[in-house]
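Remarks on the overall topology
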Amino acid sequence: MSIFVDQNTKVVIQGISPTSQGLYHGLRNRAYGTQIVAGTNPKRGGEVIEGINVYATVREAVEETGADASFIAVPPSGAPSAILEAAEAGIKFIVCITENIPAKDEALVFHRLRREFPNSRLLGPNCPGIISPGKANIGITSDTIALSGGPVGLVSRSGTVFYQAIYELTQNGVGQTTGVGIGGDPVPGTTFLDCLEAFERDEETKAVFLIGEIGGDAEEQAAEYIKSMTKPVVAYIVGVTAPEGRKMGHAGAIVSGTKGTAKAKMKALSDAGAVVAKNPSVAAEEVARIVKGL
Amino acid sequence: MDLYEYQGKQYFASYGMNVPQGDVTDSVAGAVAIGEKIGFPVAVKAQVLVGGRGKAGGIKVADNASDLETYAKQILGMDIKGHIVKRLWIQKSPTISKEYYASFTLDRSVRSHLCMVSAKGGIDIEEVAATEPEAIVKTHINPIDGISRETAREIAVKANIDSVAVDKVADALLDMYRCYIEGDADLVEVNPLILTAESEIMALDAKVTLDDAAAFRHPEWEEWQNLEEMDPRDRLAKEKGLQYVGLDGYVGIIANGAGLGMSTCDVVEQAGGKPANFLDIGGGASADVMASALELVNQDPKVKSIFINIFGGITRGEEVANGIILALEKISHTAPIVVRLDGTNAEEGRSILLSYKGDNVLTEPTMTAAAAKATELAGVK
């Protein structure tokens, strides 16, 4: 088992063109075995690019191919409408890796999805994507570093530390059910909490490796849920030694209170029963130790 | 991007908000001219991007031209917490009857906008939040629905805004919200939002942080960007498109990815070292970008050793290694360099680096080992 995506997931690449990022990564994803069933581009309907049938709209692509996931790597000005188009067409899992989408657009898209399209899940934006090793990879994660077969579910805000963590698990001989890079933007479509709930339900996942980061309170929210989880969680918070970031006026201080620091997050996670490690290597060793003892 | 107070007020005014009459200047003569034009008394306010200006003596009220001249001379060039005052905002001093607080920002924990209003503005609002949290009315705003005039009024009433001012505060909140949304601000904050003796509502201060990601749809921001206070190292980094933050230590750090960069700082500290900087060169790690990064770190006289930490994902190990070698040939470095290269085709990359005959460059297989080595080579006790 895996969460969110597997070998049956059918992916449409939105905004495809011969020079697009979406095609570049989509071909890598296809080479890994991911079912890339269609591309969309309003100006290129009817074309075939690298063997991928291109449709003018996501709706057509869904009708013709049964696509149920989409991959968006278009520039920030077009990404919000691409996400909504996918949801309107009934896409269940939308992966958007686009960086630098204005926070106002992210917030609006998030609330529209929640209100109008509750069955669509957005991963990202500004994330590396998702990999269920041996089954599917949507996004920019290098598949050569992943190991299939489970039993560890992995979720991370940071991109490169996500790769580092997958790699370290693989080096320790520990496979992954699914690795989810949720991204570090202010309004993520999918949170730690969403992933933890999915991993808790997933039979094949026996332990979870969570990589948090300073700022926000997503890790604190995750910690609340970890208290009720039956599966062990190992966590690493990136930025233990980072200088305190700029405060967003008094409002920022009032809203965040004492939350957001690495120390506060580590304490919340540790109090919730997670094993908190000081760096990715130590964390991966802890995961390996726990998994071998199961 | 943080706006100076005067820019924030100009931004507020462009969304219809009431701000005191005033102007900005970079000279004493300019200050006096503005004072004479708008009439005394005027407030003379240092324009720096740091809090605590009042306590530092950066804000004065002048009753006449000669006082204004004295204060302008005092404040221009003043050092406020490391920020040198280059500009003054001269504004007409209104008669203050009440001081309120109002702000809009994003509450990340619920992924909604948050409006905060209090009748206890002016004084330390963070203190109010700590001791009397109920005195600050917090209202989440769904971005689809926005804020209606009814809601704005309810917020004002709930916040104990004086009844004579409720309607005008509600109007001000609507303007502020528009500034926050249409103006793509991460934060708009007014403290104090004043009720004048003439029963007007006015933003006496302005704290605005713009969302840099939205710059593509705000050409009007460009003139402000050029005025940003910037550390010379930060400026060079920005020109080269690198994410750089100067720190106080002596181990120069180059990593790909912000998370890995922070994580690298963590392991250096854990090894007993002190990072001289945080530097994220992005995903690709091409030779050109690597050369710029090395140049930047190499320029810092505090740097005693350099730790290059690259995780090869899509970019394969041998490409990264060749990039590093090309970069090394472009610059002359004296500090020893420790490279940790991991991920896709890391073995190939490491053997390329091993065969490189340059001085003072070595590789380590893991992040922790490389952090220990770089710390040791820095030789700082």
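Keep in mind it's a predicted model, so treat the numbers as computed, not measured.

1. Considering the overall build of chain A
- For chain A, the count of helices and strands is 10 helices and 14 strands.
- The C-alpha radius of gyration computed for chain A amounts to 19 Å, which stays within 12% of the reference 19 Å derived for 294 residues, consistent with globular compactness.
- Viewed in the frame of its principal axes, chain A has a C-alpha envelope of about 55 × 50 × 30 Å.
- Here chain A, with 294 residues, has 62% of them falling under the buried criterion.
- Counted over contacts in chain A with a minimum sequence separation of 6, partners at least 24 positions apart contribute 73%.

2. Structural notes on the domain arrangement of chain A
Residue and element names in this part refer to chain A.
- Here chain A is described as being made up of domain 1 (10-123) and domain 2 (146-293).
- For domain 1 versus domain 2, the distance between C-alpha centres works out to 27 Å.
- Residue-level contacts link 8 residues of domain 1 with 7 residues of domain 2.
- Of all the secondary structure elements, the ones that give two or more residues to the side of domain 1 that touches domain 2 are α4 (103-116) and β7 (121-123).
- Of the residues forming the side of domain 1 that touches domain 2, the biggest block, 5 residues, is contributed by α4.
- When its residues are assigned to classes, the side of domain 1 that touches domain 2 shows 6 nonpolar, no polar and 2 charged.

3. Some points on the interface of chain B and chain A
- Contact residues are listed per partner, giving 51 residues for chain B and 49 residues for chain A.
- Taken together, the elements giving at least two residues each to the side of chain B that touches chain A come down to β7 (96-107), β8 (112-118), α4 (125-131), β10 (185-196), β12 (207-210), α9 (258-270), β17 (337-343) and α13 (367-378) of chain B.
- The leading source of residues in the side of chain B that touches chain A is α9(B), at 10 residues.
- In terms of residue class, the side of chain B that touches chain A is made up of 22 nonpolar, 17 polar and 12 charged.

4. Thoughts on α9(B)
Residues and elements named next belong to chain B.
- In this model, α9 (13 residues) spans 18 Å end to end at C-alpha, consistent with the 18 Å of a helix rising 1.5 Å per residue.
- Summarising burial for α9: 11 of the 13 residues are buried, a large majority.
- Those residues of α9 that sit buried are Ala-258, Gly-259, Leu-260, Gly-261, Met-262, Ser-263, Thr-264, Cys-265, Asp-266, Val-267 and Val-268.
- One or two positions beyond α9, positive phi appears at Gly-272, with a value near 95°.

5. A closer look at the confidence of the model for chain B
Residue and element names in this part refer to chain B.
- Per-residue pLDDT for chain B averages 90, and the proportion of residues at 70 or more is 97%.
- By mean pLDDT, helix α8 (residues 232-240) is the weakest element of chain B at 76, and helix α6 (residues 166-182) is the strongest at 98.
- For this predicted complex, the interface score ipTM comes out at 0.92, while the overall pTM is 0.92.

6. Let's talk about the packing of helix α6 (residues 192-201) of chain A against helix α7 (residues 218-226) of chain A
Residue and element names in this part refer to chain A.
- Running from N to C, α6 and α7 cross one another at 25°; their axes reach a closest spacing of 8 Å. With respect to each other, α6 and α7 are oriented roughly parallel. With respect to the hand of their crossing, α6 and α7 are arranged in right-handed fashion. The segment α6 lies against α7, with Phe-192, Leu-193, Leu-196 and Glu-197 engaging Ala-218, Glu-219, Gln-221, Ala-222, Tyr-225 and Ile-226.
- In terms of residue class, the contact of α6 with α7 is built from 7 nonpolar, 1 polar and 2 charged.

7. Comments concerning the nonpolar core
- A:Ile83, A:Ile94 and A:Val95 are the most contacted members of the largest nonpolar core, which totals 152 residues.
- Among the elements that make up this core, the one with the highest residue count is helix α5 (residues 159-171) of chain A (7 residues).
- A:Ile94 has contacts with A:Ser70, A:Ile72, A:Ile83, A:Ala86, A:Ala87, A:Ser120, A:Arg121, A:Leu122 and A:Leu123, leaving out every residue within four places of it along the chain.
- Counting residues in each nonpolar core, the second largest holds 69 residues, with B:Ala119, B:Ile125, B:Ala165 and B:Ala170 among its members.

8. Some thoughts on the sheet that holds strand β11 (residues 175-181) of chain A
Residue and element names in this part refer to chain A.
- The strand order across the open sheet built from 7 strands is β9-β8-β11-β10-β12-β13-β14, with neighbouring strands paired in mixed fashion. Of all the strands in the sheet, just β9 (136-139) and β14 (275-277) have a single pairing partner and so form its edges. On average, each strand axis in the sheet is inclined to that of its neighbour by 15°, with strand direction left out of account.
- Relative to strand β13 (residues 233-238), strand β12 (residues 207-213) runs parallel, the two sharing 6 bridges. Its bridge partner being in β13, Glu-213 is matched across the sheet by Val-238.

So, how was this worked out
- Residues numbered from 1 in each chain as written.
- Chains lettered and ligands numbered in written order.
- Predicted model: local features only at pLDDT ≥ 70, side-chain atom pairs only at ≥ 80, totals over all residues.
- Helix = DSSP H or I, 4+ residues; strand = E, 2+ residues; numbered from the N terminus.
- Rg over C-alpha atoms; globule rule 2.2 N^0.38 Å.
- Buried ≥ 20, exposed ≤ 12 C-beta atoms within 10 Å, placed from the backbone.
- Contact = placed C-beta atoms within 7 Å.
- Domains from an automatic or database assignment.
- Nonpolar A, V, L, I, M, F, W, Y, C, P; charged D, E, K, R; others polar.
- Expected span 1.5 Å × (residues − 1).
- pLDDT = per-residue confidence, 0-100.
- Axes fitted to C-alpha atoms, helices over the stretch in contact; angles between N-to-C directions.
- Parallel < 35°, antiparallel > 145°, perpendicular 65-115°, else oblique.
- Left-handed = near helix turned anticlockwise from the far one by under 90°.
- Core = buried A, V, L, I, M, F, W, Y, C linked by C-beta atoms within 7 Å.
- Pairing = 2+ DSSP bridges.

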